[in-house]
Amino acid sequence: MGRPHWVPAGTDLDKPNAARVYDYYLGGSHNFEADREMARKAIELWPDLPAIMRSNRAFLRRAVRRVAERGITRFLDIGSGIPTFGAVHEVARGIRPESRVVYVDRDPVAVAHSRLLLKDDPLSQVVEADLRSVEDLLSRPEVTELLDEGRPVAVLLVAVLHFITDEDDPARLVSVLRDALPPGSALVLSHASTEGRPDQAGPHQDLYKSTPTPLTMRGRDRITALFEGFELVEPGVVFLPEWHPENPDGVGPHPEWMSGLAGVGFLR
């Protein structure tokens, strides 16, 4: 097969990429054999991974709906990957049709394909930027415009901060974003955790060392601390299925098996 037309020139298709591996877990088609091979290895180690990723995407949808119901119509989705399978703009506009979304990712393939998917959507924009260079991210015209009018913005950091190493100081990056937000804004966050399945944390992090996006799983206290300056929505930082489930009976007896922790907070 030839190179797909949405893949930027110079992209190494033989090296796995976290955004495309995630797409594979969700059942998508925007991935390559290197991504599928890594995903299969990961699933051999941790068979629940596809279910965890689907649980994470379900949290995203529930959180976006909840934020939109609070009146927010502007969304900054950082580490957005490829916006398919219930993307932010689709969910938000089910509540607020005027919702605007800026998708941000550092992966050029995810950015290129996102632009292709959204080329006819005047209310959605795509930016190639790196959260680790947060000041640069905030200086981009699309982001500046989203923030400048003073209306509340929901910042989505969904399954992205565990790809930020301790050396890059995720707490500082979140605090810089927080300080740039208008009053009434929200933070939607999920994060791979060492809790729930500690037996899997080590091998899974070892596997991601072979990619450009090594994985740093963290505990509840460190994840909760990322909400400093925000008022957490009940029930606080909990396992993915526990955050405002659509069907409380569907959470199951072991929500910790989904491993990721999630929460939503509003700027005080």
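Above this text is the structure in question.
Computed from a prediction, not measured in an experiment: that's the story for all the values here. (Residues numbered from 1 in each chain as written. Predicted model: local features only at pLDDT ≥ 70, side-chain atom pairs only at ≥ 80, totals over all residues. Heavy atoms only, no water.)

Caption draft 1: Quick look at the pairing of strand β8 (residues 261-267). Within β8, 7 of the 7 residues are buried, which leaves the element mostly enclosed by the surrounding structure. Bridging between strand β5 (residues 186-191) and β8 involves 6 bridges; their strand directions are antiparallel. Counterpart to L189 in the pairing with β8 is G263. Pairing geometry for strand β7 (residues 238-239) and β8, over 2 bridges, is antiparallel. (Buried < 20%, exposed > 50% of the residue type's maximum accessible area, 1.4 Å probe, protein only. Helix = DSSP H or I, 4+ residues; strand = E, 2+ residues; numbered from the N terminus. Pairing = 2+ DSSP bridges.)

Caption draft 2: Representation of unusual backbone geometry. The residue after E234, namely P235, is reached through a cis peptide bond having omega 10°. As for its position among the elements, P235 is in the loop between β6 (230-232) and β7. One non-glycine residue, D169, adopts positive backbone phi at about 55°. Along the polypeptide, D169 turns up in the loop between β4 (154-158) and α8 (170-180). On the accessibility criterion, D169 (34% relative accessible area) is partly exposed. Even without glycine at this site, H244 takes up a positive phi of about 45°. Positionally, H244 belongs in the loop between β7 and β8. We classify H244 as partly exposed; its relative accessible area is 25%.

Caption draft 3: Representation of the nonpolar core. Ranked by internal contacts, the top residues of the largest apolar core, which has 46 residues, are V67, F75, L156 and V264. Of all the secondary-structure elements, those providing two or more residues to this core are α1 (18-25), α2 (33-45), α3 (49-69), α4 (88-95), β2 (100-105), β4, β5 and β8. When residues no more than four places from it in sequence are discounted, the contact partners of V67 are I72, F75, A154, A186, V188, V264 and F266. (Core = buried A, V, L, I, M, F, W, Y, C linked by side-chain atoms within 4.5 Å. Contact = heavy atoms within 4.5 Å.)

Caption draft 4: Representation of the packing of aromatic side chains in the model. Tallied over the full model, the rule gives 1 aromatic pair. Directly above the ring of F266 sits R70, whose terminal nitrogen or CZ lies 3.8 Å from the centroid. In this structure, R220 packs its charged tip against the face of F239, placed 5.3 Å from the ring centre. (Phe/Tyr/Trp six-rings, centres within 6.5 Å; stacked < 30°, edge-to-face > 60°. Lys NZ or Arg CZ within 6 Å of the ring centre and 35° of its normal.)

Caption draft 5: Representation of α8 within the structure. Looking at α8, one finds that the buried residues are P170, L173, V174, S175, V176, L177 and R178. For α8, the secondary structure elements touched by its buried residues are β1 (74-78), α6 (134-139), β4, β5, β6 and β8.

Caption draft 6: Spotlight on the packing of α1 against α2. At a minimum axis separation of 9 Å, α1 and α2 run at an interaxial angle of 65°. In this structure, α1 meets α2 at a crossing whose hand is right-handed. Here α1 contributes R20, V21, Y24 and Y25 to the contact with α2, which in turn contributes D35, R36, M38, A39, R40, A42 and I43. When grouped by side-chain class, the residues that make up the contact of α1 with α2 number 7 nonpolar, no polar and 4 charged. (Axes fitted to C-alpha atoms, helices over the stretch in contact; angles between N-to-C directions. Left-handed = near helix turned anticlockwise from the far one by under 90°. Nonpolar A, V, L, I, M, F, W, Y, C, P; charged D, E, K, R; others polar.)

Caption draft 7: Just the side chain of S190, in detail. Within the element layout of this structure, S190 appears in strand β5. Here the side chain of S190 touches N56 through a polar contact of 2.6 Å, side chain to side chain. There is a polar contact of 3.0 Å between the side chain of S190 and the backbone nitrogen of A159. Look past the residues within four positions of S190 in its chain and what remains in contact with it is N56, F59, L157, V158, A159, V160, L240, L261 and A262. (Polar contact = N/O pair within 3.5 Å; in protein donor to acceptor, adjacent residues only side chain to side chain.)

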